[in-house]
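Chain by chain, the residues:
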Amino acid sequence: MDDEVAPEDVQALRADDDVDVCIVDIRNPSSFARGHIPESENYPLPELATAVDALPDADRFVTVCPHGKSSVQAARLIASYEDVDVPVESMAGGLTAYDGDLATGTPDEDADDASSNSTDGPTAPF
């Protein structure tokens with residue numbers, strides 16, 4: 001794991017077209033469906049060890065959980081894989097500290113119609 005990244009920096013990374021960031025939300029699928037950072041990937045922590053090979057290629061990984069504690073473990077796990085040679089960070093403070101818009105629904109629903117799944121601001125999606 002490289003370090004923690006501030007929630008406002010995660011928003012800036014998402015907006016930067018020059019950086020391919022993969023946001024890995026480690027909550028369970030029902031919590032993810034209630035609200036998540038748009039375009040994030042859902043890999044629940046208990047399944048992450050067997051799913052690291054399935055993570056998309058990215059220039060950078062950011063792990064996310066409710067309060068920024070479990071995501072540190074997840075970032076360490078991802079960074080420990082020898083095929084991962086890009087920065088891997090945990091979002092400090094988790095979703096409780098994130099002040100951006102959240103999407104709702106499953107990843108498949110997000111792909112179908114992300115605009116209708118957006119909320120006006122963060123809620124407690126966990």
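Preceding this section is the structure that the text describes.
Keep in mind that what you see is a predicted model, and the values were worked out from it rather than measured. (Residues numbered from 1 in each chain as written. Predicted model: local features only at pLDDT ≥ 70, side-chain atom pairs only at ≥ 80, totals over all residues. Heavy atoms only, no water.)

## What to know about the overall build of the chain
Consideration 1: Helix and strand counts for the chain come out as six helices and five strands.
Consideration 2: Element order for the chain, N to C, with α for helix and β for strand: β-α-β-α-β-α-β-α-β-α-α.
Consideration 3: Looking at the chain residue by residue over its 126 residues, the buried ones come to 42%. (Helix = DSSP H or I, 4+ residues; strand = E, 2+ residues; numbered from the N terminus. Buried < 20%, exposed > 50% of the residue type's maximum accessible area, 1.4 Å probe, protein only.)

## A few points about unusual backbone geometry
Consideration 1: The backbone phi angle of Glu-39 is positive, close to 65°, even though this residue is not glycine.
Consideration 2: With respect to the helices and strands, the residue Glu-39 is situated in the loop between α2 (29–34) and β3 (41–42).

## Some words on the side chain of Ser-40
Consideration 1: Within the element layout of this structure, Ser-40 appears in the loop between α2 and β3.
Consideration 2: At a separation of 2.6 Å, a polar atom in the side chain of Ser-40 contacts the main-chain carbonyl oxygen of Ile-37.
Consideration 3: Once residues lying within four places of it in the same chain are set aside, the contact partners of Ser-40 are Ile-23, Asp-25 and Phe-32. (Polar contact = N/O pair within 3.5 Å; in protein donor to acceptor, adjacent residues only side chain to side chain. Contact = heavy atoms within 4.5 Å.)

## Brief notes about helix α4 (residues 70–79)
Consideration 1: If you check which residues of α4 are buried, you get Ser-71, Val-72, Ala-74, Ala-75 and Ile-78. For α4, the arc enclosing every buried residue in end-on projection is 160°, short of the 170-degree limit, so these residues lie on one face. Exposed side chains of α4 directed beyond 90 degrees from the buried face belong to Gln-73 and Arg-76.
Consideration 2: Packed against the buried residues of α4 are β1 (3–5), β2 (21–25), α3 (45–51), β4 (60–64) and β5 (88–91). (Arc of directions from axis to C-beta.)

## So, the environment of Leu-13
Consideration 1: Mapping Leu-13 onto the fold places it in helix α1 (residues 7–15).
Consideration 2: Assessed through its relative accessible area of 9%, Leu-13 is described here as buried.
Consideration 3: Considering only alpha carbons, one finds Leu-13 and Arg-60, 47 residues apart in sequence, at a separation of 9.3 Å.
Consideration 4: Excluding residues within four positions of it along the chain, Leu-13 makes contact with Val-19, Val-21, Arg-60 and Val-62.

## What about the pairing of β2?
Successive residues of a regular strand alternate their side chains across the two faces of the sheet.
Consideration 1: The buried fraction of β2 is high, at five of five residues.
Consideration 2: The alternating pattern of β2 places Val-21, Ile-23 and Asp-25 and Cys-22 and Val-24 on opposite faces, both of which are buried.
Consideration 3: Sheet topology note: the β2/β4 ladder contains five bridges and is parallel. Across the sheet, the residue bridging to Val-21 is Arg-60, located in β4.
Consideration 4: In the sheet, β2 pairs with β3 via two bridges, with the strands oriented parallel. Among the inter-strand pairings, Val-24 is bridged to a residue of β3, identified as Glu-41. (Pairing = 2+ DSSP bridges.)

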